Amino acid sequence: MKLTIYGGRRLFGDLTVDGAKNAALPLLAATLLTDDDISLQNIPDVGDVRTMIQILEHLGKRVESAHSRESYLIRTVEPPLSSAPEHLVRRLRASFCLLGPLVARTGLAQISLPGGCPIGVRPVDLHLKGLRALGAQIESLGNLFQAQTHKLHPAEIYLDFPSVGATEQIMMTAALIPGRTVISNAAQDPEVHDLARLLIKMGAGIMIEPGRLIIEGAPRLQGTSHRVIPDRITAGTFLIAGAIAGGDVTVHCQPLHLEALMSKLDELGFEIQEHVESIRIVSEGPGSYNGGRVEARPYPGFATDLQPQMMALLALARGTTTIKETVWENRFSQAAELAQMGAQIRIDGSTATIEGVEYLRGTEVRGSDTRAGAALVLAGLAAQGLTTVLDSEEHIARGYADLPGELNRLGADIIVEEEEKASEEKEVVGGRG
Ligand code: EPZ
C-alpha cells in the first residue's frame, strides 16, 4: 500500500469513529468460552478483526454477518479445537489471548508466539504467570506454547506490569473457573472493562476496583449480545489530525476515554470542546501551538497508541517538547522518518526531545507499525508538498478501517495505491482526480 498526501489542506467537518479494535479482539476471543450464540455489534472492519474471525472459524465457530456491516452473530458448529493455525496467529498479538479460553474449555491448547507490531520484545511472561497460577501446565515447544490441565482453580495473581493482554487473558480464563480469582495491578483500560461487561452478561461475576479485578467464575457461561465501545485511539488520531492540519473537526466518540489527550491538547493551546458524545477541536495549524511534555503511561495515563501521532504534531510546535514512552521499549520508529521530513528529534533511551520547526518537507517515508504509519500520514497533512507513506505490510489498515478515506472526507487530499502497481493505476480515495 502507498499513500500520497498533498500537504497544506485544512480539515473541516465531523466523523463518527468505529468500534474499538482493541476491545473487539478480546471480545471475539471470549466467544470461545461458550457454545451458545453471541451477538457482537459495532465490530470495526479492520485487518486484525478479520484475522481473528478467521482464527475463530478454524476453532469451530461460524461468524455470520448480522443485520448491519459491523454486527456479527458468532455460532458454534463444532466443539473448540485446541490449536489455531500458526500463519494466522502470527499476524496479531491479541491471538495469544486464545490460550486461556481454549485450555479452560478443552484442557489442552497450543498457540504460537504471536506477531503484531514491532514495537518491542512483547514478552508473554505475565500471561503465563497467570495461567500457571490458575492451574495450567505450560510448555514451550519451539515457538509454540502448550497449556494443559486436568482442572483449573481460582487464584490471586499480581501483575508486575498492568499488562492489557495478560489482564484480559487471565480474566477470561477465570470467568470459567468457579470461585474467586483476584488480579492485582490489573490494567484499567476501557477495553478491559468492556470485556468485563461481556463476561458479566455471560454469567461471570466481576468487580472492578482501582487497579484490581475480582472475578467470580461460573462452571458454564451463556450466550448474550454486546455492543463494542467506540475506538478511543482512532478518535484521538483524528483529533490530532485536526490539530496538525488546522481547521475545525468534531469526532463522535466516548470523551470519557480521552481525558489525557484532551487535557494535553488544551495545555498545548488548542481550542477543545467536550460534549456528551463528541469532542471538537479548532486549530490554526502548524506553529500555532506550544511544545510541552508528554508521558505515555498505562491507562488512565496518556495512551501509548497516540504517542507517535503526538510526536508528529509536536514536530511543528513552537519550542521544545519531551516525550517519554514508559510502556514500550521501541516505539520511536516514526522519529527517523519524521527527521527525513525535516523534524528535529533526539532520542535518548525512552525519551525523545523535539525542537519544533517551522515546516516539514514532503518526502518518501515508511510506516513500520500501525500507529507510526498513522503518524506519518498526519505529518503529511501539514508538510509542504507531497508526502508518500510506504506501507507495504498494510499496518495502517490493520488498525484503521479507512484512515485516508475519512481524512479526505474532512478535506485532505490523499491518494491510495497498491505499491507494486504505483506506476500503472491509481485507486483514488476521494481527493484529487
Ligand atoms: C495492548 O497490547 C494493545 N493491543 C496495544 O495496542 C497497546 O499499545 C498496549 O495494550 C498498551 O496499551 C491490543 O489490545 C490488541 P501490554 P498488549 O500487555 O496487551 C509488557 C495498537 O497499536 N508485557 O499491556 O500486548 C510489554 O512488553 C497496539 O493498537 C510484559 O512484560 O500490551 C509492554 O512493555 C500496539 N509481559 C507492556 O507490558 C507480558 O506478559 C505493555 O504490554 C505482557 C506484557
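What you see is a predicted model; the values in this text were computed from it and never measured.

**Concerning the site of the ligand**
Taken together, 21 residues surround the ligand, and among them Asp-125, Leu-126, Ser-163, Asp-305 and Val-327 come closest. Contact between the ligand and Leu-126: an oxygen atom at 2.7 Å from a main-chain N or O atom of the residue. Between an oxygen atom of the ligand and a side-chain N or O atom of Arg-371, the distance comes to 2.8 Å. A total of 820 Å² of accessible area belongs to the ligand in isolation, and the protein chains cover 89% of it.

**Quick word on the nonpolar core**
By size, the foremost hydrophobic cluster in this structure holds 73 residues, and its most contacted members are Leu-28, Leu-98, Leu-99, Met-171 and Leu-199. Among the elements that take part in this core, helix H1 (residues 21-30) stands out by supplying seven residues, more than any other. Setting aside residues up to four positions removed in sequence, Leu-28 forms contacts with Leu-40, Ile-43, Val-49, Met-52, Ile-53, Leu-56 and Ile-74.

**Considering the packing of helix H8 (residues 232-245) against helix H10 (residues 307-314)**
Closest axis-to-axis distance for the H8/H10 pair is 10 Å, and the angle between their directions is 5 degrees. Put simply, H8 runs roughly parallel to H10. Here H8 contributes Ile-233, Thr-237, Ile-240, Ala-243 and Ile-244 to the contact with H10, which in turn contributes Gln-309, Met-310, Ala-312 and Leu-313. Grouping the amino acids of the contact of H8 with H10 by side-chain chemistry returns seven nonpolar, two polar and no charged.

**Details of the sheet that holds strand E7 (residues 137-141)**
The strand order across the open sheet built from three strands is E6-E8-E7, with neighbouring strands paired in antiparallel fashion. Looking at the sheet topology across the chains shown, the edges are occupied by strand E6 (108-112) and E7. Neighbour to neighbour, the strand axes of the sheet diverge by 20 degrees on average, direction disregarded. In this structure, E7 lies alongside strand E8 (residues 144-148), joined through five bridges in antiparallel fashion. Each residue of the ladder has a partner; that of Ser-140, found in E8, is Phe-145. Sitting on the sheet, helix H4 (residues 99-106) touches E6 and E8, and the angle it makes with E6 is about 160 degrees.

**Comments concerning the sheet that holds strand E19 (residues 344-348)**
Each strand in a sheet pairs with its neighbour through backbone hydrogen bonds, running either in the same direction (parallel) or in the opposite one (antiparallel). The strand order across the open sheet formed by four strands is E17-E18-E20-E19, and the pairing between neighbours is mixed. Of all strands in the sheet, those with a lone pairing partner are strand E17 (293-296) and E19, marking the two edges. Here the average twist between neighbouring strands, direction ignored, is 15 degrees. Strand direction decides the pairing type here: strand E18 (residues 320-325) and strand E20 (residues 351-355), joined by five bridges, are antiparallel. Following the sheet pairing, Ile-323 is matched in E20 by Ala-352.

**Side note on the domain arrangement of the protein chain**
Entries for the protein chain in the domain assignment read domain 1 (2-17 + 230-423) and domain 2 (21-227). The gap between the C-alpha centroids of domain 1 and domain 2 is 31 Å. At the junction of the two partners, domain 1 supplies 22 residues and domain 2 supplies 21 residues. Interface of domain 1 and domain 2: buried area, both sides summed, is about 1800 Å²; carbon and sulfur atoms make up 53% of it. Considering only the surface of domain 1 that becomes buried against domain 2, Tyr-299, Trp-328 and Arg-398 emerge as the three largest contributors, covering 35% of it. The tally of links between domain 1 and domain 2 comes to three salt bridges. Put simply, Arg-232 and Glu-191 hold a salt bridge, and the shortest N to O gap is 2.8 Å. Where domain 1 packs against domain 2, one counts five residue pairs in polar contact (both at pLDDT 80 or more). Residue assignment for the side of domain 1 that touches domain 2 shows that the elements contributing at least two residues are helix H12 (370-382) and helix H13 (395-399). Ranked by the residues each element gives to the side of domain 1 that touches domain 2, the list is headed by H13, at three residues. The class makeup of the residues in the side of domain 1 that touches domain 2 is eight nonpolar, six polar and eight charged.

**Points about the packing of aromatic side chains**
Under the counting rule described, the total for this entry stands at two aromatic pairs. Judged by centre distance (5.8 Å) and plane angle (80 degrees), the ring pair of Phe-96 and Phe-145 falls under edge-to-face. Remark: Phe-145 occurs in strand E8 and Phe-96 occurs in the loop between helix H3 (86-89) and H4; sequence separation between them is 49 residues. On the basis of an interplanar angle of 35 degrees and a centroid distance of 4.7 Å, the ring pair of Phe-270 and Tyr-289 is categorised as tilted. Separated by 19 residues along the polypeptide, Phe-270 in the loop between helix H9 (259-268) and strand E15 (271-275) and Tyr-289 in the loop between strand E16 (278-283) and E17 bring together distant segments of the chain. Tyr-289 shares its class with Phe-270; the two are buried.

Rules behind the numbers
Residues numbered from 1 in each chain as written. Predicted model: local features only at pLDDT ≥ 70, side-chain atom pairs only at ≥ 80, totals over all residues. Heavy atoms only, no water. Near = heavy atom within 4 Å. Polar contact = N/O pair within 3.5 Å; in protein donor to acceptor, adjacent residues only side chain to side chain. Areas by Shrake-Rupley, 256 points an atom, 1.4 Å probe, with all protein chains shown as cover. Core = buried A, V, L, I, M, F, W, Y, C linked by side-chain atoms within 4.5 Å. Buried < 20%, exposed > 50% of the residue type's maximum accessible area, 1.4 Å probe, protein only. Helix = DSSP H or I, 4+ residues; strand = E, 2+ residues; numbered from the N terminus. Contact = heavy atoms within 4.5 Å. Axes fitted to C-alpha atoms, helices over the stretch in contact; angles between N-to-C directions. Parallel < 35°, antiparallel > 145°, perpendicular 65-115°, else oblique. Nonpolar A, V, L, I, M, F, W, Y, C, P; charged D, E, K, R; others polar. Pairing = 2+ DSSP bridges. Domains from an automatic or database assignment. Buried area = accessible area lost by both parts, 1.4 Å probe. Salt bridge = Lys/Arg side-chain N within 4 Å of Asp/Glu carboxyl O. Phe/Tyr/Trp six-rings, centres within 6.5 Å; stacked < 30°, edge-to-face > 60°.

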